[in-house]
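Per-entry structural report
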Amino acid sequence: MATPRSKLVDSENALSYHLVSRCVRGAFLCGRDPTTGRDCSHRRRWLIDRLLFLAQFFAVEIDSYAVLSNHFHLAAHYDPKACLGWSEAEVARRWVAAFPPMEDGVPAEDRKPLEQERLLADPKRLARARATLGSLSSFMKHLKQPIARRANKEDGVKGHFFEQRFYSGALLDDEAVLAAMAYIDLNPVRAKLANHLSECRDASIGERLRVNRAQALDEFLAPLASGLDCVQDLGGGSSDAPVSGIGESEETTSDTGRLGPAPRIRMTLRGYIELLEGIMAARSASAKSQGPDSAMRWLARVTSMRKRQRAYGRQGALSQWMAQRGMRCWEVPLSA
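Residues numbered from 1 in each chain as written. Predicted model: local features only at pLDDT ≥ 70, side-chain atom pairs only at ≥ 80, totals over all residues. Heavy atoms only, no water.

Some remarks on the nonpolar core
Rules: Residues belong to a common nonpolar core when they are buried Ala, Val, Leu, Ile, Met, Phe, Trp, Tyr or Cys residues joined through side-chain atoms within 4.5 Å. Exposure categories follow from relative accessible area, calculated using a 1.4 Å probe and restricted to protein chains: below 20% of the type maximum is buried, above 50% is exposed, and the middle band is partly exposed. Only DSSP runs of H or I covering at least 4 residues are called helices, and only runs of E covering at least 2 are called strands; the numbering of each starts at the N terminus.
Core analysis: the biggest nonpolar cluster contains 53 residues, and Leu74 and Phe139 have the highest contact counts within it. Only strand S1 (15–22), helix H2 (42–54), strand S2 (60–67), strand S3 (71–78), helix H3 (88–98), helix H5 (123–133), helix H6 (136–155) and helix H12 (315–324) provide two or more residues apiece to this core. Counting residues per element, this core draws most heavily on H6, which supplies seven residues. Judged by nonpolar contacts, the second largest core, of 40 residues, contains Ala179, Met296, Trp298 and Val302.

Structure (structure tokens):
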């Protein structure tokens, strides 16, 4: 029996998750089918565009993604209580922006103000909108359903496009978050769709390398899209900044002079690129001889993400997570 989602996703505390969803029967519905030769790779961009758009309005932040031929990965930070702090006007704004009134398949911009007024005048509907925008499962539903409908229309078929459920593994500490991000960003390299990080066209690391200015290399990693109103341009740090402080609540000042929450991931883009390159080098070296200890440790942590556990983290964090949910701790802790 599948584990209930209520046990897999923390309903009280903000936490990061590794999310995976597959196409039905593992079919290559977002890539080149090796049997028929049909190429549906253009659908990857559909999913990425929808992901980055929708994440602006839900209670999530996207830290990394990778879309492959028959599945996709996300590392997402989710705050189940964030929506409770939004005003009614903010809920209405987010809802109408995420699901605008349509005319002939095109968003009707001039009708948005009226639609917001109607939503504000209907407390029950507004409450449902708040609950939906604050739900991780609803975020995945509204991410996947439009892609499925669009692909089915293109193929002239009906039925499921994705498998019904999506996998979610809780990331209980900072090393688990970075290991999941690295696992996701290196997926195209492992699948031999790219040889270098800059060639990862449908993964977040490729996007970060293409759109960030040079000085961004020394800024802390920021979410690619956020509905949690996180400050995006936080500066500071160095390539050897400690990988700690995910979830810290203290405030920091950006290089623009604005005061905002401290970044969840206290590693710079430069440091993250070095981490990914070190993991790639260790993976290559492991087939011949042992690489540097730190690189081999990170390789072991990233490789462990293939196990599809219910949660990842150090032994203490895993034991506490399972005990709180009345579950036996079959999970393997991250290597030291």
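Next comes the rest of the description.
Quick notes on the side chain of glutamate 331
This is how it is decided: Identification of polar contacts relies on pairs of N or O atoms within 3.5 Å, with a donor-acceptor requirement for protein atoms, meaning one able to donate a hydrogen and the other able to accept it, and with residues adjacent in sequence counted only if both atoms are side-chain atoms. Residue contacts follow a heavy-atom distance rule, with two residues in contact if any of their heavy atoms lie within 4.5 Å.
Structurally, the position occupied by glutamate 331 is in the segment after H12. For glutamate 331, the side chain forms a polar contact with the main-chain nitrogen of arginine 310, separated by 2.8 Å. When sequence neighbours within four positions are dropped, the list of residues in contact with glutamate 331 reads Gln309, Arg310, Ala311, Leu318 and Met322.

Brief notes about the packing of aromatic side chains
Here is the rule: Between rings of Phe, Tyr and Trp, where Trp is taken as its six-membered ring, a pair exists when centres lie within 6.5 Å; planes separated by under 30 degrees are stacked, by over 60 edge-to-face, and by other angles tilted. Here, a charge over a ring is recorded when the distance from Lys NZ or Arg CZ to the ring centre is within 6 Å and its angle to the ring normal is within 35 degrees.
With the rule as written, the count across this model stands at six aromatic pairs. Ring centres 6.4 Å apart and planes at 80 degrees place the aromatic pair phenylalanine 58 and phenylalanine 99 in the edge-to-face group. With phenylalanine 58 in the loop between H2 and S2 and phenylalanine 99 in the loop between H3 and strand S4 (102–103), this residue pair connects regions lying 41 residues apart in the sequence. Given the relative accessible area of 0%, phenylalanine 58 is considered buried. The rings of Phe58, Trp95, Phe99 and Phe139 are connected pair by pair, giving a single aromatic cluster. Across from the ring centre of tyrosine 183, 4.1 Å away, lies the NZ or CZ of arginine 190, which sits over that ring.

Let's talk about the pattern of salt bridges
Oppositely charged side chains are able to pair whenever their charged atoms sit close together. We apply this condition: When a carboxyl oxygen of Asp or Glu is within 4 Å of a side-chain nitrogen of Lys or Arg, the pair counts as a salt bridge.
In total, this model carries 20 salt bridges according to the counting rule given. Among the ionic pairs, aspartate 10 bridges to arginine 325, the shortest N-O distance being 3.5 Å. Residue aspartate 10 is found in the loop between helix H1 (5–8) and S1, and its partner arginine 325 is found in the segment after H12; the two are separated by 315 residues along the sequence. This pair shows no difference in class: aspartate 10 is buried, exactly as arginine 325 is. For the salt bridge of arginine 310 with glutamate 331, the shortest nitrogen-to-oxygen distance reads 3.0 Å.

Some details on the packing of helix H7 (residues 174–185) against helix H11 (residues 293–304)
Using the following cut-off: Helix axes use the C-alpha atoms of the stretch in contact, all axes being lines fitted to C-alpha atoms, and the angles between their N-to-C directions lie in the range 0 to 180 degrees. Here is the rule for angles: anything less than 35 degrees is roughly parallel, anything more than 145 is roughly antiparallel, 65 through 115 is roughly perpendicular, and the remaining ranges are oblique.
Where H7 meets H11, the axes come as close as 8 Å, and the angle between the chain directions of the two elements is 75 degrees. Considering their axes alone, H7 and H11 lie roughly perpendicular with respect to each other. For the pair H7 and H11, contact is made by Glu175, Leu178, Ala179, Ala182 and Tyr183 and by Trp298, Arg301 and Val302, respectively.

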